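Fold and contact review
The residues making up each chain are set out below.
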Amino acid sequence: TSRAQSDPLPSWNEGAAKQSIIDFVRSVTDESSQSFVKPDDRIAVFDNDGTLWCEQPMYTQILFAMDQARAAVQKHPNYKQREIFQKPIKDDPSGLIAGGARASMELIASAHEEMTTDEFEKVVEDWLQKSKHPRFKTPFTQLLYVPMLEVLTYLRANGFKTYIVSGGGIEFMRPWTEKAYGIPPEQIIGSNCLLKYKSDAEHPSIIRTSTIEFIDDGDNKPVAIEKIIGRRPIVAGGNSDGDRAMLEWTTTGPGKRLAILVHHTDQQREYAYDRDSKIGHLDKALQQADAHKWTVVDVKKDWKRVFPFQQ
């Protein structure tokens, strides 16, 4: 039917969440509408973990960090004595889960100190190719949320520029996000370690250090958006209290705005979690959603399918 073809969000069930996204895009792109927004100002920012791909039972970056810690200790046995490597080499992620984005960033930075950015990119690509999710037994890059991929495509088709603003490491995301989401490396904002330039006329390189420069989470997200994009977004998507400030900053500006808050409610197809979860903890943002008129997406109710491999 023509209706099916004209549906920009086919993996969404009919309902308030889907309708609010479509209504918003129509109104800001209609030149005769009072809510019209010029293409230059159509900026959309999305968290990554738990918003665009699966973040349970723990952030993919934590699993990567633990594998890298073990590899580093095999290469440099003296690392065994360093406290930062103790728990990860015993396959104990508790410190990394409790320590938030900073903990895994510090471990990865320590494991890859003095490595060039090109070498690190290859490490990430190789790891993603061979690693599989513990429950779904599929590569992590297959665990993308189909309904959110449709939102990204729909926004770009309507003149939006889409960015990722994530607590994850910028160098961990850039090697694969363009292929996965259609978002190029220069539109990825994340946590990062300090880099330094190594001059060599033949082969100059950029070297990673073990110093963390910036953690892109919580209140730092709007700061990073201001610093790097320089325009206030009119669309933001997140799923946890770590995204609350970004959603708040986006929706309190002038004119029509959209915030999408993904609420994980589907234990069968994915996971169900919010207030009691250490990963993707969602409490304050959910409480604020009504007052700010954020679009809360109930995964169980609003999504026809979650992952590409589900029919």
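What you are looking at is a predicted structure, and each value in this text was computed from that prediction instead of being measured.

Within strand β2 (residues 161-169), eight of the nine residues are buried, which leaves it mostly tucked inside the rest of the structure. Pairing of strand β1 (residues 43-46) with β2, which is carried by four bridges, proceeds in the parallel orientation. Residue pairing for β2: V45 is matched across the bridge by Y163.

With mixed pairing, seven strands are arranged side by side in an open sheet as β4-β3-β2-β1-β5-β6-β7. The outermost strands of the open sheet, each flanked by one partner alone, are β4 (205-214) and β7 (295-298). Recorded for the sheet is a direction-independent mean angle of 30° between the axes of neighbouring strands. In terms of strand pairing, strand β3 (residues 188-198) meets β4 through six bridges, oriented antiparallel.

Let us look at unusual backbone geometry. A cis amide bond links Q56 with the next residue in sequence, P57, at an omega value of 0°. The phi dihedral of D91 falls on the positive side, at around 60°, and the residue is not glycine. For D91, the location among the structural elements is in the loop between α4 (83-89) and α5 (94-98). Positive phi values are uncommon outside glycine, yet E114 reaches one of about 70°. You can see E114 is positioned in the loop between α6 (100-111) and α7 (117-130).

Turning our eyes to something else, we now look at the packing of helix α11 (residues 244-251) against helix α12 (residues 284-292). Close contact between α11 and α12 brings their axes to 10 Å; oriented N to C, the two are set at 15°. As far as their axial angle goes, α12 and α11 are roughly parallel. Crossing angle aside, the handedness with which α11 passes α12 is left-handed. Across the interface between the two elements, R244, E248 and T251 from α11 touch K284, A285, Q288 and H292 from α12. Here the contact of α11 with α12 is built from residues that sort into one nonpolar, three polar and three charged.

Bringing the packing of aromatic side chains into the picture now. Any pair of aromatic rings gets described here by the distance separating the centres and the angle formed by the planes. Under the definition given, this model contains 16 aromatic pairs. Aromatic side chains Y79 and F85 sit 5.1 Å apart centroid to centroid with 15° between the ring planes, which places their arrangement in the stacked category. Across the pair, exposure class does not vary: Y79 and F85 are buried alike. Site record: aromatic cluster; members linked through ring pairs are W12, F136, Y145, Y271, W303, F307 and F309. When the ring centre of F120 is taken as reference, the NZ or CZ atom of R208 above it lies at 3.8 Å.

Next up on the list: the pairing of β7. Every second residue of β7 is oriented toward a common face, the buried set being T295 and V297 and the non-buried set V296 and D298. The parallel pair strand β6 (residues 258-263) and β7 is bridged by α12, and the resulting crossover is right-handed.

Here the focus is a nonpolar patch on the surface. On the surface, L195, Y197 and I206 cluster together into a nonpolar patch covering about 300 Å² of accessible area. The residue Y197 is located in strand β3 in this model. For Y197, a relative accessible area of 59% translates into the label exposed.

Conventions used here
Residues numbered from 1 in each chain as written. Predicted model: local features only at pLDDT ≥ 70, side-chain atom pairs only at ≥ 80, totals over all residues. Heavy atoms only, no water. Buried < 20%, exposed > 50% of the residue type's maximum accessible area, 1.4 Å probe, protein only. Helix = DSSP H or I, 4+ residues; strand = E, 2+ residues; numbered from the N terminus. Pairing = 2+ DSSP bridges. Axes fitted to C-alpha atoms, helices over the stretch in contact; angles between N-to-C directions. Parallel < 35°, antiparallel > 145°, perpendicular 65-115°, else oblique. Left-handed = near helix turned anticlockwise from the far one by under 90°. Contact = heavy atoms within 4.5 Å. Nonpolar A, V, L, I, M, F, W, Y, C, P; charged D, E, K, R; others polar. Phe/Tyr/Trp six-rings, centres within 6.5 Å; stacked < 30°, edge-to-face > 60°. Lys NZ or Arg CZ within 6 Å of the ring centre and 35° of its normal. Right-handed = clockwise from strand over helix to strand, strands pointing away. Patch = residues over 30% accessible without salt bridge, like charges linked within 9 Å, V, L, I, M, F, W, Y side chains within 5 Å. Areas by Shrake-Rupley, 256 points an atom, 1.4 Å probe, with all protein chains shown as cover. Salt bridge = Lys/Arg side-chain N within 4 Å of Asp/Glu carboxyl O.

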